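# Summary of the model geometry
Chain by chain, the residues:
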Amino acid sequence: MKVLLLGATGNLGSRILPALLTHGHTVVAYVRSAQKLQSLLPESVFRQITTIKGDATDVNAIKTAILDSKCDAIVTAAGVAAMAPWAKSDLPKIFQAILQAVRQAGEERGQPLRFWCLGGTGVLYYPGTQSMLSSYIPVFLEHRQNVALLRELPPNSVDWSMLCPGNMTPESSDFNVPTKTSQGKLIAQAANPPSWQHLWVRFIPVIGKSIEMAINFSRYDTKLEQNAELIAADLEEGHDSRFVGTTVGIISGSK
Ligand SMILES: NC(=O)c1ccc[n+]([C@@H]2O[C@H](COP(=O)([O-])OP(=O)(O)OC[C@H]3O[C@@H](n4cnc5c(N)ncnc54)[C@H](OP(=O)(O)O)[C@@H]3O)[C@@H](O)[C@H]2O)c1
């Protein structure tokens, strides 16, 4: 696919970019500074992409970038959610602008665009319920607003998927193409965290489920490169992906 990538200079975005090229996609990086991106990437990789300078809060500029570049898919790793429930970040503004641009561009094109975005483990459901994990441990709550915006979209307006990782750390700072990872593929499933371990502590009144979650959470630590690989590989499925219209929980195959 031809992919507009936002957040390409960030921890995850800089790994998604070479993963997209490895999977045969064409990359247009929408960044605030092409120089910053160039300084991060090997020259051989930077030469394979196009850059467009712009801000991720500018609906019209993003829409124009999608339409003028004839992109079929948009991936965003731009902006970072605030951790504390009382803290604020630019993410809601960024997310709202990107989603609006993707929707409008799809309307003008006459077909929905494929869209991958980022949430966190907290917006996945506690297994067997419709309660988000962040209802029990209230961190990174801004992702909840973003999920709400996705679920309010009219049917067939955006073919979205939201990847919901736990803590991600780098495996390496090698951004060459083709990408290599020694960590293996992630196991992914819609809406819930895969391989959740139920523990007896969940029966402790009031705090039981929160304790169970705190114990489970570190099992969902993954490498940035594994998450980048998942998105790039899934985009090969185009609009037929099993993850269209859902949040996506992931765990390392080794956990
Ligand atoms: N890291 C984790 O462990 C983790 C876990 C779960 C979920 N997530 C989510 O994953 C996403 C990516 O995380 P990350 O660690 O890769 O973040 P990051 O390294 O801080 O990268 C953020 C990216 O957003 C770009 N950006 C910020 N404001 C922008 C704006 N107004 N216009 C254009 N670009 C803008 C930054 O560009 P500049 O270089 O121009 O500043 C940068 O490329 C976030 O939504 C985060 O909440 C992360």
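That block above? That's the structure.
Residues numbered from 1 in each chain as written. Predicted model: local features only at pLDDT ≥ 70, side-chain atom pairs only at ≥ 80, totals over all residues. Heavy atoms only, no water.

## Some points on the sheet that holds strand β4 (residues 73-76)
If you trace the eight strands from one edge of the open sheet to the other, you get β3-β2-β1-β4-β5-β6-β10-β8, paired in mixed fashion. Only two strands of the sheet have a single neighbouring strand rather than two, namely β3 (50-53) and β8 (186-190). The mean angle between the axes of side-by-side strands here comes to 25 degrees, regardless of whether they run parallel or antiparallel. Inspection of the sheet shows β4 paired to strand β5 (residues 113-118) by three bridges, in the parallel sense. Note on β5: the bridge partner recorded for Ile74 is Phe115. Across the face of the sheet, helix α1 (residues 13-22) comes into contact with β1 (2-6), β2 (26-31) and β4 while running at roughly 170 degrees to β1. Relative to the sheet, helix α8 (residues 224-234) contacts β4, β5, β6 (158-164), β8 and β10 (246-252), its axis offset from that of β5 by approximately 170 degrees. (Pairing = 2+ DSSP bridges. Helix = DSSP H or I, 4+ residues; strand = E, 2+ residues; numbered from the N terminus. Axes fitted to C-alpha atoms, helices over the stretch in contact; angles between N-to-C directions. Contact = heavy atoms within 4.5 Å.)

## What about unusual backbone geometry?
Between Val177 and Pro178 the backbone carries a cis peptide bond, its omega angle lying at 0 degrees. Relative to the elements of secondary structure, Pro178 occurs in the loop between β7 (168-169) and β8. Despite not being glycine, Phe140 shows a phi value in the positive range, around 50 degrees. For Phe140, the location among the structural elements is in the loop between β5 and α6 (142-151). At Asn156, a position not held by glycine, the phi torsion is positive, near 60 degrees. Relative to the assigned elements, Asn156 resides in the loop between α6 and β6. When its relative accessible area of 67% is taken as the criterion, Asn156 is described as exposed. (Buried < 20%, exposed > 50% of the residue type's maximum accessible area, 1.4 Å probe, protein only.)

Function cannot be inferred from these measures alone, as they are strictly geometric.
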